[in-house]
Amino acid sequence: MARKFLATLLFVFICTALPSSAFTLDEQQFLTKARAYLDEGSYLEAIGVYRALQELSAQAEIKALALLNIANIYGQQLKDYGRAIEEYATLIKKYEKSRYAAQAMFSSGMILHEMGRSKDAQEFFSLYLKKYPAGEAREVAAFMVDASGLAERIDDSQRFFVGPARDEAIRVLLERGLERVTITARNTLTVFDRQGMSLASGLPLVSIELRGGVLYLDGQALETNQVVVMGGNRTLLQHGSRSYRGRLIAKTASGGLELINELPLEAYLYGVVPREMPSRWPMEALKAQAVAARTYAFYLKQRTNSLDYHLCATTMSQAYNGAAFETDNTNRAVDETRGQLLYYRGVPALAYFHAHSGGITEDPRHVWSAPVPYLRPVVDSFSMMAPSSSWSVTLDYETIRRSLGRAGIELGAIAEIVPLEFSPSNRLVRVKIVHQGGETTLGGNEFRLILGPTLIRSTLLALTNNGGSVTFEGRGYGHGVGMSQWGAMAMAREGYNWREILKYYYPELELR
């Protein structure tokens, strides 16, 4: 009961109007953005948005909500229980009168129970009952007071990780908000409902439509909210201009139909590797990419296995366009590293990667304010061998102000942009915007993403104010955390194998 309750804790979202001034903040836009990151499995990015909201909002309740969600991500998705408890403790101390303080106290007890710290858990649940006798979780808290007394300590790595079945299925969200889905195949199709009951068979084409909240199959109303379409053995399913291995699932959701591709993990990687790295690159680099992508996908699967899908088909998770983009080279890279994962203390790691480090990788604490113990910076001279490692762009203040406004940050006329803090790797951590009516501070990566990640390619930069505009001069491309794809390519060209490449960029991780 305890574990199930912890896994189903919900994030709470509110929208509050702010008075008009030289600086207004659309909190709901930030919350929506963070929720989107969570839905795509981009947990560190979500933490970064919540940190920004915590700093920018003038409302204590919003700050407390942001901190609660940060703690929830550490506890539920990242399984960094120590950090989660620290974040909950900060919330309870700084925002004691907030309604979210009760949730933080209860969640702290749940995590301590999961960790096997039964006595500490009992204290939190007892304190919760004392301070919040009418609290929403009072019945569960009362139960947990007794349950914690009977709990036995369980090793964390054994509790949360069971070795993967290498051909197990993974579910990928392809599209959402659809009105109609048409699926074809070279041979016949079979359609099932959620319970596995056959709805139709022997069809070369099926049309699935959502009308008035009702699902229709080839014009016939159904009593189910989900259909599964399968072809014959090794048959590719066609939707639009793309083809997919496995099976396709169409289900109702808010805003329309969701289309999900369910297929074996290794088959999924066939469609990921050529989208994340050019197939003409050296085989050892492709193999390193295959392992990083496999580890990242499996990490997300472990934490979202109870949901309708594990990750999405965009770069918010990993780029995936199905079977049409497969190549012999990239399929070989997947096959020859089959089942290999990167582990930290016996648990699959969150194996981030990016395009180009600019000469040194980054600690995620300086990108998203989210430390991960095994993602440490490494000096990366290999990336400097790549072409176009440097870049420069000039933006006028008004363009920047409009970009911030579209992101929910309304400022007065900008007078100056001042870098406030750089990380040890020389990346921009915090930036101050001096504008009519005040000053606003943003995280460096958040500022970069708002202006446009293809314009401001990384936070490894210097900036110069020109009186009405600012020039950014930088190196690298992407957030800089984990493996540099261009660096992996350069290492492979110099004769390093895929194991050596992974060890270079993930020195704290074990490959097996």
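Summarised in this report is the structure supplied together with it. Quick caveat: nothing in here was measured; it's all calculated off a predicted structure.

The helix and strand tally for the protein chain stands at 17 helices and 24 strands. Against the 2.2 N^0.38 benchmark of 24 Å for 512 residues, the protein chain shows a C-alpha radius of gyration of 24 Å, consistent with a compact globule. For the protein chain, the spread of C-alpha atoms along the three principal axes comes to 65 × 60 × 45 Å. Counting all 512 residues of the protein chain, 56% fall into the buried class. Look at the contacts in the protein chain between residues 6 or more apart in sequence, and 65% of them connect residues 24 or more apart. For the protein chain, the exposed area adds up to about 22000 Å²; of that, 49% sits on carbon and sulfur atoms. In the protein chain, 55 side chains carry a positive charge and 53 a negative one; their mean positions are 1 Å apart.

At a closest axis distance of 9 Å, the pairing of helix H10 (residues 265-276) and helix H12 (residues 328-335) adopts a crossing angle of 135 degrees. In terms of orientation, H10 lies oblique with respect to H12. Both H10 and H12 take part in a crossing whose hand is right-handed. Between H10 and H12, the contacting residues are Glu266, Leu269, Tyr270, Val273 and Pro274 on the first element and Thr330, Asn331, Val334 and Asp335 on the second. Within the contact of H10 with H12, the residues separate by chemical class into five nonpolar, two polar and two charged.

We now examine the sheet that holds strand E24 (residues 510-511). Where strands meet in a sheet, backbone hydrogen bonds hold them as pairs that are either parallel or antiparallel. Strand order in the open sheet made by the three strands is E14-E13-E24, with antiparallel pairing throughout. For this open sheet the edge positions go to strand E14 (347-348) and E24, each flanked by a neighbour on one side alone.

Reading the values: rules and limits
- Residues numbered from 1 in each chain as written.
- Predicted model: local features only at pLDDT ≥ 70, side-chain atom pairs only at ≥ 80, totals over all residues.
- Heavy atoms only, no water.
- Helix = DSSP H or I, 4+ residues; strand = E, 2+ residues; numbered from the N terminus.
- Rg over C-alpha atoms; globule rule 2.2 N^0.38 Å.
- Buried < 20%, exposed > 50% of the residue type's maximum accessible area, 1.4 Å probe, protein only.
- Contact = heavy atoms within 4.5 Å.
- Areas by Shrake-Rupley, 256 points an atom, 1.4 Å probe, with all protein chains shown as cover.
- Lys, Arg positive; Asp, Glu negative; His and termini not counted.
- Charge placed at Lys NZ, Arg CZ, Asp CG, Glu CD.
- Axes fitted to C-alpha atoms, helices over the stretch in contact; angles between N-to-C directions.
- Parallel < 35°, antiparallel > 145°, perpendicular 65-115°, else oblique.
- Left-handed = near helix turned anticlockwise from the far one by under 90°.
- Nonpolar A, V, L, I, M, F, W, Y, C, P; charged D, E, K, R; others polar.
- Pairing = 2+ DSSP bridges.

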